[in-house]
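Here are the chains, one letter per residue:
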Amino acid sequence: MIHQSIRRVLRHPYLLTLLAALLLYSLMGFIIVPKAIRWYAPSFARNRLHLQMEIGQLQINPFLLTVDIRNVRIREAGGAPLVEFSRLYADAETSSLRHWALTFHEIRLENPTLHVLLHSDGSTNLSQLSGPSAEPSHSPETRPFRMILQQAAVEGGTVLLTDQRQHTPAELTLQNITLHLADVSTLPDHTGACSLEAATPANETLQCDGRISLAPVSFTGKLAIGSLQINTLWDFIRDSLALAPPKGKLDAATNCHVDNGSMSFDNFRLGVSGLSLKLAGTDNALVQIGTIAVGPALIDVTQRRIHVQHLGLENGALHIETDSAGHLNLAQMAVDSHKPSEPSGKTSGKPSPVTDGVHKSENSPPWAIIADGVDIRNIAVDVSDASRLKPVHAQIASLGVHFRADITAGGYKSRTALHELSTRLDRVTIGNTASAKPLFSTRQI
């Protein structure tokens, strides 16, 4: 009797339908969908994006709602690497139905590598990931897709940046990139925590920590750059400056606020140590500054306003020289922009965004810059002028200057006003190179 009841239950149409649906769901999740993605994704990348895509492994667990993708490589049509990662793991939650938003308990990206190439016209290789440009849409703005990320992380990331806008391409590597997000969502006015850490092979560091919102986009937190070599920055502007590789390092920290299109930085502090600049092909340093300290300062990008409480330059040397032809060495620091250039790399034939913006800046409102205190201390100055009939040579053993500054710069209006100006010159000598005895000397002015 019991066996007949069990057989009756097992043969019930509803149970058979449920078992068939469960079997189909399992077959779709474990086998069919992964195989379809592994076939369709490379095909889409090849036919629509003109990219090569390889997927090592792809596993889906339809019952645990997890996706595990491993060893993915995306390359340009010519074979140049673009994006790769060792693992992408996503764990969705059934609470998606309750929140009416796609909810992930965890998304983790492991060992991603991003190859960024800036062409000489300012375009990037990453534009290929978005596919062909579509016609601009005039439809009303749509709301973002509803999604909740309880935990998201990027671990062991690397970004390889190559800038071909210079004659000698500049390269920068960010490694050990770690990004953590907690309770981040596209739901309106929802904020979550985020943190970012990265470093270069030279132990230059980048740190970011704060609160982020995706709808609308906003961020409030702290940014810090540590031990950044001045030479690293110089690599990206070397064609604009006739300088040898500079020396020195930079540290900076600030609070950052981005909200509804506005951007500002408060409690901004910057320090430079061991700065040394010299013209290419020369032996003597043009400028040497032991320490530069800026801050605290407020930088409001939206209002185009900078307020610096203190700016200090201390312990350095300045060498000013005019040759027999009347050429000032300070004027030789900048490269003549009208000289023909042959930047490396390919071009796309599009107008340069840099040159396009030159005339636009004239219509922009000016920047207002206020410095409550500028202190220049213990700077040795050496001046020589060989353009005169009797070459002149002057030295200041120690220069000190203090003032307040009020500057309006940019657009059609520029103005500079200095207040409370005071100077001190120690051990001043003036003479000519033909005589060992100075024409004028004093201990202090």
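Heads up: these notes are all about the structure in this document. Because the structure is predicted, anything quoted here is derived from the model rather than measured.

Where two aromatic rings form a pair, the distance of their centres and the angle of their planes describe that pair. In this structure the tally under the stated criterion is 4 aromatic pairs. With a centroid separation of 6.0 Å and 45 degrees between ring planes, the pair formed by phenylalanine 30 and phenylalanine 63 is classed as tilted. With a gap of 33 residues between them, phenylalanine 30 in helix 2 (residues 13-47) and phenylalanine 63 in the loop between strand 1 (51-61) and strand 2 (66-76) connect regions that are remote in the sequence. A relative accessible area of 40% places phenylalanine 30 in the partly exposed class. Aromatic rings pair up to connect Tyr25, Phe30 and Phe63 into one cluster.

Here the focus is a nonpolar patch on the surface. A grouping of Leu19, Leu22, Leu24, Tyr25, Leu27, Met28, Phe30, Ile31, Ile32 and Phe63 is seen on the molecular surface, where their side chains present a nonpolar patch of about 890 Å² in accessible area. Along the polypeptide, leucine 27 turns up in helix 2. On the basis of relative accessible area, leucine 27 is assigned to the partly exposed category, the value being 38%.

The bulk of non-glycine residues show a negative phi, and the bulk of peptide bonds are trans. Of note, the amide linkage connecting alanine 215 to proline 216 takes the cis form, showing an omega dihedral of 0 degrees. Mapping proline 216 onto the fold places it in the loop between strand 9 (205-214) and strand 10 (217-229). Geometrically, the link from glycine 295 to proline 296 is a cis peptide bond, its omega value of 0 degrees lying close to zero. Relative to the helices and strands, proline 296 resides in strand 13 (residues 287-300). The residue asparagine 315 is not glycine, and still its phi comes out positive at about 60 degrees. Relative to the assigned elements, asparagine 315 resides in strand 15 (residues 311-322). Looking at asparagine 315, the relative accessible area reads 40%, which means it is partly exposed. Positive phi, close to 50 degrees, is recorded for asparagine 378, a residue that is not glycine. Tracing the sequence through the fold places asparagine 378 in strand 16 (residues 367-385).

Take the pairing of strand 3 (residues 81-92) next. Note that strand 2 and strand 3 share 9 bridges and pair antiparallel. Bridging across to strand 3, arginine 70 finds its partner in arginine 87. Where strand 2 folds back on strand 3, the antiparallel hairpin that results is connected by 4 residues, among which glycine 79 adopts a positive phi of roughly 105 degrees. Judged from the 2 bridges that link them, strand 3 and strand 5 (residues 113-118) form a sheet pairing that is antiparallel. By the bridge assignment, glutamate 84 is partnered in strand 5 with threonine 113. Where strand 3 meets strand 4 (residues 102-110), 6 bridges bridge the pair, whose relative direction is antiparallel. Paired with alanine 92 across the two strands is phenylalanine 104, which belongs to strand 4.

About the criteria used
Every chain is numbered independently, its residues counted from 1 as its sequence is written. The predicted origin of the model limits local features to residues at a pLDDT of at least 70 and limits the giving and counting of side-chain atom pairs to 80 or more, whereas totals for whole chains, interfaces and linings rest on all residues. Note that water and hydrogens are dropped before the side-chain values are worked out from all heavy atoms of the structure. Ring pairs shown here join Phe, Tyr and Trp side chains whose ring centres sit within 6.5 Å, with only the six-membered ring taken for Trp; geometry is labelled stacked below 30 degrees between planes, edge-to-face above 60, and tilted in between. A run of DSSP states H or I qualifies as a helix once it reaches four residues; a run of E qualifies as a strand once it reaches two. Both are numbered from the N-terminal end. Buried means the residue's accessible area, taken with a 1.4 Å probe over protein chains only, is under 20% of the maximum for its type, while exposed means over 50%, and partly exposed covers the values in between. Only residues whose relative accessible area exceeds 30% and that form no salt bridge enter a patch; like-charged residues are grouped when within 9 Å of one another, and nonpolar side chains (Val, Leu, Ile, Met, Phe, Trp, Tyr) when within 5 Å. To measure how exposed things are, a 1.4 Å probe is used in the Shrake-Rupley method; for residues, cover is taken only from the protein chains shown. The salt bridge definition used is simple: a Lys or Arg side-chain nitrogen within 4 Å of an Asp or Glu carboxyl oxygen. Being paired, for any two strands, means DSSP has found at least two bridges between them.

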